[in-house]
Amino acid sequence: MPSPSKSHGRLSIEASRTPRTLMPDTPELAGAWKAKVLTLYPEMFPGVLGHSLTGRALQEGLWALEPIDIRMFARGKHRNVDDTPAGGGAGMVLRADVVGRAIDFADKGHDRADWPLVYLSPRGVPFTQAMAQRFSKARGITLLCGRFEGVDERVLEARQVEEVSLGDFVLTGGEIAAQAVIDATARLLPKVLGNAESTEEESFSNGLLEHPHYTRPAEWEGRTIPEVLTSGHHGKVAAWRQAQSEAMTKARRPDLWAAYQKAEEGKR
Ligand code: SAH
């Protein structure tokens, strides 16, 4: 992929002008799931998403990516996107007016019901596989990446932005979190994984962690592969994997295990 143009930062945005996409070399097939990313660093995209299965799927137009430079929506002589926090304290805050214009540009023509608007934030609801599934069923998603101290609260309220967290830690910006959300979502889209992998049996999809995997060599540093896996008995393999999944979930994630047991009881 050629390196993205650096000139977008100087483009001024008027009502009639469409900011240009930074991913002109990837096809945009009508109806393909699309991620719009509002960021101060559009050159960070596609990043990891441009490689391996997600990268190939992007090239094939199975999904589309549109990084949008928040700076294009700054106005005035200095084109500031951020300012000092009201009430004092360290750091800078992204301005509500600039972010508001960026959101409105990205959101135009979309219905929240099938096009979620998400701010990546450590205060958000922790991202889960269920959320990735919900996002993959939408037509697309708009992701807002914060930087510095974050975004002026008023724009999050006014545009009813859903806040999603990657976990209980603080990143310097939302871009890594956005790429994680897009990766987890895009791999659930039809044909993105091809036959290479199954999304049905893996961790979380059935409420359990996945069983361990083994491959050649049959013996490594004196360690062998569990015998049942080489028995050729599909029923026994399935039962062994289920038991391993349950034991691993019980030991490592008591929270998931409790939820799984409750769901199983509900089925009875
Ligand atoms: N002052 C904020 C942290 C700002 S970090 C606070 O204490 O809550 C700067 C940006 O990084 C945030 O605006 C957000 O977009 C992103 N970010 C940081 N940690 C994140 C996490 N755990 N999940 C998702 N995004 C995160």
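Please read all numbers here as calculations on a predicted model, not as lab measurements.

Calculation rules
Residues numbered from 1 in each chain as written. Predicted model: local features only at pLDDT ≥ 70, side-chain atom pairs only at ≥ 80, totals over all residues. Helix = DSSP H or I, 4+ residues; strand = E, 2+ residues; numbered from the N terminus. Buried ≥ 20, exposed ≤ 12 C-beta atoms within 10 Å, placed from the backbone. Contact = placed C-beta atoms within 7 Å. Near = placed C-beta within 6 Å. Nonpolar A, V, L, I, M, F, W, Y, C, P; charged D, E, K, R; others polar.

J.: Would you mind showing me how to read the overall build of the protein here?
T.: Helix and strand counts for the protein come out as 7 helices and 9 strands. The 268 residues of the protein split such that 27% are buried. A separation of at least 24 residues holds for 76% of the contacts in the protein among residues at least 6 apart in sequence.

J.: Quick question: what am I supposed to make of the site of the ligand here?
T.: Looking at the ligand, there are 19 residues lining it, with L120, G146, L171, G174 and A177 nearest. With 4 residues, strand β5 (residues 117-126) is the single largest residue contributor to the shell around the ligand. Classifying every residue of the shell around the ligand gives 8 nonpolar, 8 polar and 3 charged.

J.: Would you explain unusual backbone geometry in this entry?
T.: Working note: non-glycine residues mostly have negative phi, and peptide bonds are mostly trans. Omega for the peptide link from F45 to P46 comes to 5 degrees, which places this bond in the cis form. Looking at the secondary structure, you find P46 in the loop between β1 (33-39) and α1 (52-59). The omega torsion of the bond from R216 to P217 falls at 5 degrees, within 30 degrees of zero and hence cis. Here P217 is to be found in the loop between α5 (175-186) and β8 (219-220). The phi torsion at K191 lies on the positive side, around 75 degrees, for a residue other than glycine. Looking at where K191 falls in the secondary structure, it is placed in the loop between α5 and β8.

Bear in mind that shape data such as this cannot, by itself, settle questions of function.
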